[in-house]
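Overview (structure and organization)
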Amino acid sequence: TCSNLPEFNSQFLWLLRVFFFPSPLSFSLCPGAGGWSPLSSDRYQWLEVDLGGRTRITAVATQGRYGSSDWQTAYLLMFSDAGHNWKQYRQEGSIGAFAGNSNADSVVQHKLQHQVIARYVRLIPLNWNPNGRIGLRLETYGCPYNSDVLSFNGQSSLIYRLTPRPRQMSSESISLKFKTLKNSGILLHAEGQNGHSLTLELEKGKLQLLIRKGTNLRFLFMQCGNCLQMAERHPPRSCRHFIVSACLCTLSPVQMILGAQQGFSYTSFYGCLENPVYNGLNLVDLAKQKDQRVTGNVTFSCSEPVFVATTFTGPQSFLRLPRIDQSSLGISVGLQFRTWNKAGLLLTFELPNREGRVWLYLSKARAHLQIHKSGRTYMCGSSGSALNDGQWHSVDLISGGGRLTITVDGDEGASAHASPSFLITTGGHIFFGGCPAEENSQECLNPFKAFQGCMRLLTVDNRPVDLIKVQQRLIGNYSHLQIDMCGIIDRCSPSHCEHGGSCSQSWSTFHCNCSGTGYSGATCHSSIYEQSCEAYKHKGNISGYYYIDVDSSGPIKPQLLYCNMTEDNTWMVIHHNNTDLTRVQPSPEVNTHVVHFEYASDEEQLAAIISLSEHCEQEIAYHCRKSRLLTSPEGSPLSWWVGGPGVGQMHTHWGGAPPGSQQCACSLQNNCVDSRYHCNCDADSNEWTNDSGLLTHKETLPVRSLVLGDIQRPGSESTYKVGPLRCHGDKNVWNAAFFDKETSYLHFPTLHGELSADISFLFKTTSSSGVFLENLGIKDFIRIELNSSNEVLFSFDVGNGPLEVSVKAGSPLNDNRWHRIQAERNVKEASLRLDELPAVTQEAPADGHIHLQLNSQLFIGGTASRQKGFRGCIRSLQLNGVTLDLEERAKITPGVQAGCPGHCSSYGSLCQNQGRCVERPTSFSCDCSSSAYTGPFCNKEVSASFKSETSVTYAFKEQMVNELNRSSSSSSSFPSSIYSDITLKAENVSLSFRTSQSPALLLYVSSYHREYFAVLLSNSKDAEILRSKVKNLADRQLHVITISRLADVVSMQVTHTCKQKALNPLCACLFSIDSEGLDPDLAQIASLGFTGCLSAVFFNSISPLKAALLHPKTSPVTVTGPLIQSICGFTSANLSHATETTHHLSGKRPLVNAIRSDSALIGGVIAVVIFVTVSSLAIMARFLYRRKCTCQRQEVKTVKPEDNPELPFRSRITSQNGPTENQKEYFI
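Remember, it's a predicted structure, so these values are computed and weren't measured experimentally.

It is worth spelling out the overall build of the protein chain at this point. Looking only at helices and strands, one finds 15 helices and 82 strands in the protein chain. Burial statistics for the protein chain: of 1228 residues in total, 54% are counted as buried. In the protein chain, the proportion of contacts linking residues at least 24 apart, taken out of those at least 6 apart, comes to 72%. Within the structure as shown, the protein chain displays about 55,000 Å² of accessible surface, and the carbon and sulfur contribution to it stands at 50%.

What follows is about the sheet that holds strand β54 (residues 791-797). Spatial strand order, β50-β59-β52-β53-β54-β55: six strands in an open sheet with antiparallel pairing. The outermost strands of the open sheet, each flanked by one partner alone, are β50 (746-748) and β55 (803-808). With strand direction ignored, the average angle separating the axes of adjacent strands in the sheet is 15°. Strand direction decides the pairing type here: β54 and β55, joined by six bridges, are antiparallel. Bridge assignment links Ser795 to a residue of β55, and that residue is Glu804.

To continue, consider the state of the cysteines. As used in these notes, a disulfide is a covalent bond between sulfur atoms, one from each of two cysteines. What the rule picks out here adds up to 15 disulfides. Each disulfide pairs two cysteine sulfurs, and for Cys492 the partner residue is Cys503, the sulfurs being separated by 1.9 Å. In this structure, the disulfide formed by Cys492 and Cys503 twists by about -75° around the S-S bond and is classed as left-handed. With a gap of eleven residues between them, Cys492 in the loop between β32 (481-483) and β33 (502-505) and Cys503 in strand β33 connect regions that are remote in the sequence. Taken individually, Cys492 and Cys503 each receive the classification buried, so the pair is uniform in this respect.

A word on the sheet that holds strand β19 (residues 318-322). Judged by pairing direction, the sheet is antiparallel, and its seven strands sit side by side in the order β24-β23-β22-β21-β28-β19-β31 without closing on themselves. Unpaired on one side and paired on the other, β24 (376-383) and β31 (477-479) mark the two borders of the sheet. Across the sheet, the axes of successive neighbouring strands diverge by a mean angle of 15°, strand direction being ignored. For strand β21 (residues 344-350) and strand β22 (residues 356-363), the ladder comprises six bridges, and the chain directions are antiparallel. Looking at β22, one finds that Thr348 is bridged to Trp359.

So, about unusual backbone geometry. Ser493 connects to Pro494 through a cis peptide bond whose omega is 0°. Mapped onto the fold, Pro494 is located in the loop between β32 and β33. That bond from Leu701 to Pro702 is cis: its omega, 0°, falls within 30 degrees of zero. By the element assignment, Pro702 lies in the loop between β45 (689-695) and β46 (703-708). The residue Ala386 is not glycine, and still its phi comes out positive at about 50°. Structurally, Ala386 can be placed in the loop between β24 and β25 (393-400).

Thresholds applied
Residues numbered from 1 in each chain as written. Predicted model: local features only at pLDDT ≥ 70, side-chain atom pairs only at ≥ 80, totals over all residues. Heavy atoms only, no water. Helix = DSSP H or I, 4+ residues; strand = E, 2+ residues; numbered from the N terminus. Buried < 20%, exposed > 50% of the residue type's maximum accessible area, 1.4 Å probe, protein only. Contact = heavy atoms within 4.5 Å. Areas by Shrake-Rupley, 256 points an atom, 1.4 Å probe, with all protein chains shown as cover. Pairing = 2+ DSSP bridges. Axes fitted to C-alpha atoms, helices over the stretch in contact; angles between N-to-C directions. Disulfide = S-S within 2.5 Å.

Next up, the structure:
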């Protein structure tokens, strides 16, 4: 029914009865004149509607006052069951304001995101037409609601006995709503058989579910909320319904107790339960019908005391109350409060005659009292703790009889007492929460933060304060208060902290503590670990244990895996509980031997790793004597293994054979010991043999168990081995697409990131601008673009208006090199990171919209809004940890090419020590053939220790050199590697050594013309010596020598890793000519040999030591005596550099591991003899012959690096933990 509504003063409540019909309901507001318009237009007016009973409310609609300029543009909605203790309706959990009207006639309707069940509705105008007044016509939508309640007084309970037990059901559930004014109490206790039970209880305002199985007790779910003791009904949310249902299904309860009964060990419940339903049975109806299965002493109504609360919303909030008993010689003030803030003013007042002031305030979540009088400050104690937990706390301030007392939560034992020498009272006003904003207000001063939270049950001089009269301006004064409601928001329930991050909060925001989670960001959303070993490798890391997060920001936890980076392929290694060769020990009563393998990774982690990798393999081996493997005489399989996802499937093929073949590798290679059988072991030989190979079909991995059947016959012996699971290749890292036109793009399904979304990818381009990614909604959008040649822009809109985050680089981004972008948006902030620059963040608006609502396709490399598209490459695009397959989509999209070459331009610098970057279709590798080093990045030194009789000779054929010298065009006739080894104008020599011997010959180069080049430790003072002044080179520490010549200019550099000591041995570079034979002094030193270690020996582009150790059969080397590879070239500093300290989660032991190599030698003191002879080319003799005259030391000068393009050693040494300037000495 519609009627004209007269104007009313807001001190009176206008109760409007609205009839409801089942939704949907056709909309119609009053077409005639009229509407509600209060006499005063301010924010303290409201319109209240009594619906006559609890009703399910689904929508509201408003119009302005008919034929006027009166309408509201924004308003709040409040709901209540009893006409007090109002609850504000908030959209998306935090937004309180609804958009109103823009004129007097149009209808604005809002469907409530979550339905409300209440009897009373209150609308509070916030803003209105500035050229008019508040004017309103209101209609609500909904449907009837049935409410059956039970009231519990702390001693009552309702017991439902399921005897006889009904038949087993596929699912069982119980649902209920509750409201209480106490923060603890049992809601439900269900008992099953064999001591099993389930308990749902409220503990300090938080729901927790406890499950007991016999003597085992565990918490299944905790922290469902912090404010659940408020006087309003709380339905356990859907996830809680699910948990309760799942537990009841396995519990099979025989008795359920609502509330608590006498003698029960848990806290009794005090409050009301509404509509408790078990498996479709309404327990209230059963109790009313006096069903014999239900007993209890409850009532069927719900009454509650009237507690009028008030909310202090911000810094401008205050409440001023007068003294009631002016004649009192003391003062007594009491209140209850709740807050999330650790600090804030509770109350303050002046001492008589303005002699001083008293403050009762919160600091560090404790209550403190401070008095200022006659220029002095008195701290009168503190009381309480953790008073910012969102619960109701009481505080009482009592002064009288020369004694001052502060009591928190009625705990007399923890009260703070003081005995001031002056009277604590006031003849003026008491201010609560804060002070007026007027600058000339001397009656109230607040040096502390204003209080934000709720207060109730205020008393002054032991008399209660009627806050309704305060609201009606009959008592005291106030500003920016919400009276008759507590508007505290629990921002940690549900928690927006992901991956186990802990949530804490203040009045206006929340904070996530991500310590120990492996994730970072405002909501612990982004993983701090890489997704694969491949990703770690291409950040320059070495072999070791690393935490791998296979789905990045997804739900799978990080896992500690070993990454083997010593090969071209980077392997992830997942170990299990038995990777050793194990002898089968048959049991007398068991015909088969069954082995189960437990892996270091969880099931979901294993599945993700296998799916992520390009290739996986697992070694399986069976060594046998008189023990058949697969085939019995009857043809049935004797043994098998179980592998694959989940519980796995049975497989009867062996390593190296295809699935389903029931064969071994020897059958495919036609080399089985008996051609009649498909496996070596099936020949049933009396001699030991074996079947081994690799299982490489990913869908059959990992191996989960092994069953061996032929183990009980007399004489049967066998051993088995199942190696770790090894996978290489990250399909995500190199998944790329090339957009060759600005109008080309790829499209994918809509991005789902309502509350949080992270986007990461790499790009390279020569264009100065273009859109990388865009997804649109009706109003919302998200976009990442190259805004200029040095700026990346991340923008989005979730309903609060566009928000932008930009990062500017110090150099152009259109340099055709790979650059990495990481963008994240969550309910707290947005962040953008470019390459290794610091992340830029932008906070989200407080209490704004938080849901990103998109509905169009996701565009990659282009845009639906006709902006300029991107031209270039995009690689490894991930949304919320899921990689988009750009290559597959590019194959079917015109204007876009799958893949993107050119990785060396970005990653070539990873190839060290003259290593050369080699392009691959989806990766790159380092060619170390021209380097004295080896390893994936040419950064692993090649070192060796020798005995005194050992020698290595590296020789060239002189006729090849002569052929080169005869023809000026012959440079094209020989391989470039040979040509690069021979230079007419320059030589470059470097080596590392470790020794305690002196004198000693380090390096000797001779020619066919009896000319030589030698590097030695010697006491000689001959004229033809280029000498180092570095002392103590024979100290068993590692030293590096670098010698370079360009024409007539020679330089030598000696680096050392130890402190200098005044010892005789000196390092010298000797240039001398002796046509009659080897210099006698040099021959004598050479006869002594060399005791120590040589490493990374390099002569021009020749690495003789590397050739002898790694390629002895294909290199022109001659080795005499034993030659042992070692790691003696590493210093302690090198080892610390080569050691990876594993990232670790809290509570887990960190692992430290060094580089692995095929050599088993680790550490130790090395003292062996080395003598290396390197036979050089005739061209070297020409150089030496030109220097036949005596060299004067002043003629030898240092070569500047920029003057010599053929001196790579300084940069190489620098990249290898070279010493700083104070550790280097240059000598000429």
